[in-house]
Amino acid sequence: MHVMVMGLNYRTAPVEVRERFSFVESELPGALEELKHMKSVLEGVIIATCNRTEIYVVVDKPYMSGHYIKGFLEQWFGIPREEFSSYIYVHQDEAAIAHLFSVTCGLDSMVLGETQILGQVRKAFLLAQEQKATGTWFNRLFKQAITLGKRAHAETAIGENAVSVSYAAVELGKRIFGGFEDKVVLILGAGKMSELTVKHLSGGGAKKVLVANRTYARAQELARQFNGTACTMQQAIAGLDQIDILISSTGSEGYVLTASEVAHKMGDRTNRPLFIVDIAVPRDIDPAIGELEHVFLYDIDDLEGIVESNMDIRRLEALKIETMIEAEIVEFQEWVGTLEVQPMIHALRQKSASIHESTMQSLFNKLPELDQRQQAMIRRLTKSIVNQMMHDPIHRIKEMAGEVDGAEAIKLFSQIFALEDQLGDLEESSVEQSINETHEAEPVLTLISM
């Protein structure tokens, strides 16, 4: 068996390509149904976000599976493969596992270390599990990936430092005020940057937000989104003595706030600090305002310096997570190594149980005077002896199965314990079950030829 992922993301495809391969959430169950009935596909999970579309599969023939999955994408989205093949990446086995772990930990995200993708991977896995598109391999692998993602954020500081200008502005405010619950926030401008800033402020606990804009209707629209209050630019400046935090991003050609205006209002503030962030380019706020007492003024360069410094911190934390990923890959591979030996262990236990039961029946036939309590005691004690005798051989073969010459060790183990008959019976049972399952579920996806 092999793990494979095929997909495209923000690194390999522009947004105009990614949006053409966006799964509608309500259609994902149908897509998983088709995916799991594809030739060579034994298990499948689809991760679909605004920045990536990835199809994870467990396959038995990796050399053809890439072709089949491209056929699936081609048919599902109605796009010829020639139009998207150059944007697609394919990872197999260890590389596919490493990629999933990196995605889940936020190392492959546009914003390094973001946590949203962890929830998206979990949701994708649970849906695939609900649709019965996962099995032994992915039930183990995705649970391990999700647990790793949680550990990565709990045990490192990768998500603790602001890495966007708007978020950095809010984090600066927290350093000065501790929180925003009782603070009055004024936003000058109602563009995209202002919207993101208000979103972060609202998430940080800000309850009273004023929005001023040259176009009053736009100020009303943004204020409505966050239960804020719209005002004109003149009203905003007139009420400056009531403001604790001012964030400006208007795109004006000149200063919208001068040093004299702020100095006049600071006299009415009784030494209360005023925190100002100027995100605009060119600048909205007169730099001389920063020289006033009790005023903390930051511009876009200050924020970008903070962002870059925080990105350096996140990159260092990412190195720690990469070490964690390496250990998790080894753990998963060791688990896979034990899968091959499971039928052998089952056969040994089956044979030992059969020998034990046959011996008990022979003993009880020769000792008919034994009552049920005595028989039960003898069964329990002799079963304990059998289990103890099997414990070390089973433990050793699990270890040896994961080594380079694991296949030879398994073969020798079978020969030493003479398990050929039991393994043969298990194989016949498995084939019969496979035939029954095939009859019950006919493939529903017609693959497009090369």
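Residues numbered from 1 in each chain as written. Predicted model: local features only at pLDDT ≥ 70, side-chain atom pairs only at ≥ 80, totals over all residues. Heavy atoms only, no water.

**A short note on helix 4 (residues 94-105)**
If you check helix 4, its first and last C-alpha atoms are 17 Å apart, about what twelve residues at 1.5 Å a residue would give, namely 16 Å. The set of residues buried in helix 4 consists of Ala96, Ile97, His99, Leu100, Phe101, Ser102, Val103, Thr104 and Cys105. Looking one or two places after helix 4, you find Gly106, whose phi comes out positive at around 85 degrees. (Helix = DSSP H or I, 4+ residues; strand = E, 2+ residues; numbered from the N terminus. Expected span 1.5 Å × (residues − 1). Buried < 20%, exposed > 50% of the residue type's maximum accessible area, 1.4 Å probe, protein only.)

**Remarks on the UniProt feature "site: Important for activity" (unreviewed entry) in the protein**
Per the UniProt record, "site: Important for activity" (unreviewed entry) is annotated on His99. Along the chain, the position of His99 falls in helix 4. Classification of His99 by relative accessible area gives buried; the value is 10%. Leaving out residues up to four positions away in the same chain, His99 has contacts with Val5, Arg52, Glu54, Tyr56, Tyr89, His91 and Asp108. (UniProt positions renumbered as here; feature names shortened; annotations may be inferred. Contact = heavy atoms within 4.5 Å.)

**Quick word on a negative patch on the surface**
On the surface, Glu399, Glu403, Asp405 and Glu408 cluster together into a negatively charged patch. Structurally, the position occupied by Asp405 is in the loop between helix 13 (372-401) and helix 14 (406-416). (Patch = residues over 30% accessible without salt bridge, like charges linked within 9 Å, V, L, I, M, F, W, Y side chains within 5 Å. Areas by Shrake-Rupley, 256 points an atom, 1.4 Å probe, with all protein chains shown as cover. Salt bridge = Lys/Arg side-chain N within 4 Å of Asp/Glu carboxyl O. Lys, Arg positive; Asp, Glu negative; His and termini not counted. Charge placed at Lys NZ, Arg CZ, Asp CG, Glu CD.)

**Observations regarding the sheet that holds strand 3 (residues 52-59)**
A sheet is described by the order of its strands in space; here four strands give the open sequence 2-3-1-4, paired in antiparallel fashion. The open sheet has two free edges, formed respectively by strand 2 (41-48) and strand 4 (89-92), since each of these has just one partner strand. In this sheet, neighbouring strand axes are inclined to one another by 15 degrees on average, regardless of whether the strands run parallel or antiparallel. By the bridge criterion, four bridges tie strand 1 (residues 2-9) to strand 4 in an arrangement that is antiparallel. Residue pairing in the sheet places Met6 in a bridge with Val90 of strand 4. (Pairing = 2+ DSSP bridges. Axes fitted to C-alpha atoms, helices over the stretch in contact; angles between N-to-C directions.)

**Focus: the side chain of Asp244**
Note on placement: Asp244 falls in the loop between helix 10 (233-238) and strand 8 (245-248). A distance of 3.1 Å separates polar atoms of two side chains, one belonging to Asp244 and the other to Arg272. Asp244 has contacts with Phe177, Asp182, Lys183, Val184, Arg269, Arg272, Pro273, Leu274 and Phe275, leaving out every residue within four places of it along the chain. (Polar contact = N/O pair within 3.5 Å; in protein donor to acceptor, adjacent residues only side chain to side chain.)

**Remarks on the pattern of salt bridges**
This structure, assessed with the given rule, holds 20 salt bridges. Arg81 is the salt-bridge partner of Glu74, the closest N and O atoms lying 3.1 Å from each other. One exposure class covers both Glu74 and Arg81, and it is buried. In this structure, Asp182 and Lys183 form a salt bridge, with 3.9 Å as the shortest nitrogen-oxygen distance. Residues participating in the shared-partner salt-bridge network are Arg11, Arg52, Glu54 and Asp108.

**Topic: the side chain of Glu43**
As for its placement among the helices and strands, Glu43 is situated in strand 2. Among buried charged residues, Glu43 stands out as having no salt bridge; its nearest opposite-charge side chain is Lys143, 11 Å away. Side-chain polar atoms of Glu43 contact the backbone nitrogen of Thr136, separated by 3.4 Å. A polar side-chain atom of Glu43 sits 3.1 Å from the main-chain amide nitrogen of Trp137. Among residues more than four places away in sequence, those in contact with Glu43 are Tyr56, Val57, Val58, Ala133, Thr134, Gly135, Thr136, Trp137, Phe138 and Asn139.

**Some words on unusual backbone geometry**
Residues Val281 and Pro282 are joined by a peptide bond in cis, for which omega reads 0 degrees. Inspection of the secondary structure assignment puts Pro282 in the loop between strand 9 (274-278) and strand 10 (295-299). The backbone of Lys132 shows a phi angle near 60 degrees, a positive value even though the residue is not glycine. Residue position: Lys132 is located in the loop between helix 5 (116-130) and helix 6 (136-155). Residue classification places Lys132 among the exposed positions, given a relative accessible area of 68%. Even without glycine at this site, His294 takes up a positive phi of about 70 degrees. By the element assignment, His294 lies in the loop between strand 9 and strand 10.

**A short note on the pairing of strand 3**
Taking burial as the measure, the eight residues of strand 3 include eight buried ones, the bulk of the element. Of the two faces of strand 3, the one lined by Arg52, Glu54, Tyr56 and Val58 and the one lined by Thr53, Ile55, Val57 and Val59 are each fully buried. Summarising the sheet, strand 1 and strand 3 pair through eight bridges and their orientation is antiparallel. Bridge pairing in strand 3 places Val5 opposite Tyr56. One ladder, built from seven bridges, connects strand 2 with strand 3; its direction is antiparallel. Each bridged residue has a counterpart across the sheet, and for Val45 the counterpart in strand 3 is Tyr56. What sits between strand 2 and strand 3 in their antiparallel hairpin is a turn of three residues.

**Regarding the confidence of the model for the protein**
For the protein, the average pLDDT comes to 85, and 93% of its residues sit at 70 or higher. No element of the protein has a lower mean pLDDT than helix 15 (residues 420-440), which averages 50, and none a higher one than helix 4, which averages 96. For the stretch residues 430-450, pLDDT sits under 50, and the model shows 21 contacts to residues farther than four places along the chain or on other chains. (pLDDT = per-residue confidence, 0-100.)

**Observations concerning the packing of helix 7 (residues 165-177) against helix 12 (residues 300-366)**
The N-to-C vectors of helix 7 and helix 12 enclose an angle of 90 degrees; their axes lie 9 Å apart at closest approach. As far as their axial angle goes, helix 12 and helix 7 are roughly perpendicular. When helix 7 is examined against helix 12, the residues Val165, Ala168, Ala169, Leu172 and Arg175 are found in contact with a partner set consisting of Ile300, Leu303, Glu304, Ile306 and Val307. (Parallel < 35°, antiparallel > 145°, perpendicular 65-115°, else oblique.)

**Re the state of the cysteines**
Summed over all chains, the structure comprises zero disulfides. Of all cysteine sulfurs, the one in Cys105 lies closest to Cys50, which takes part in no disulfide; the gap is 19 Å. Relative accessible area serves as the criterion here: at 62%, Cys50 is assigned to the exposed category. (Disulfide = S-S within 2.5 Å.)

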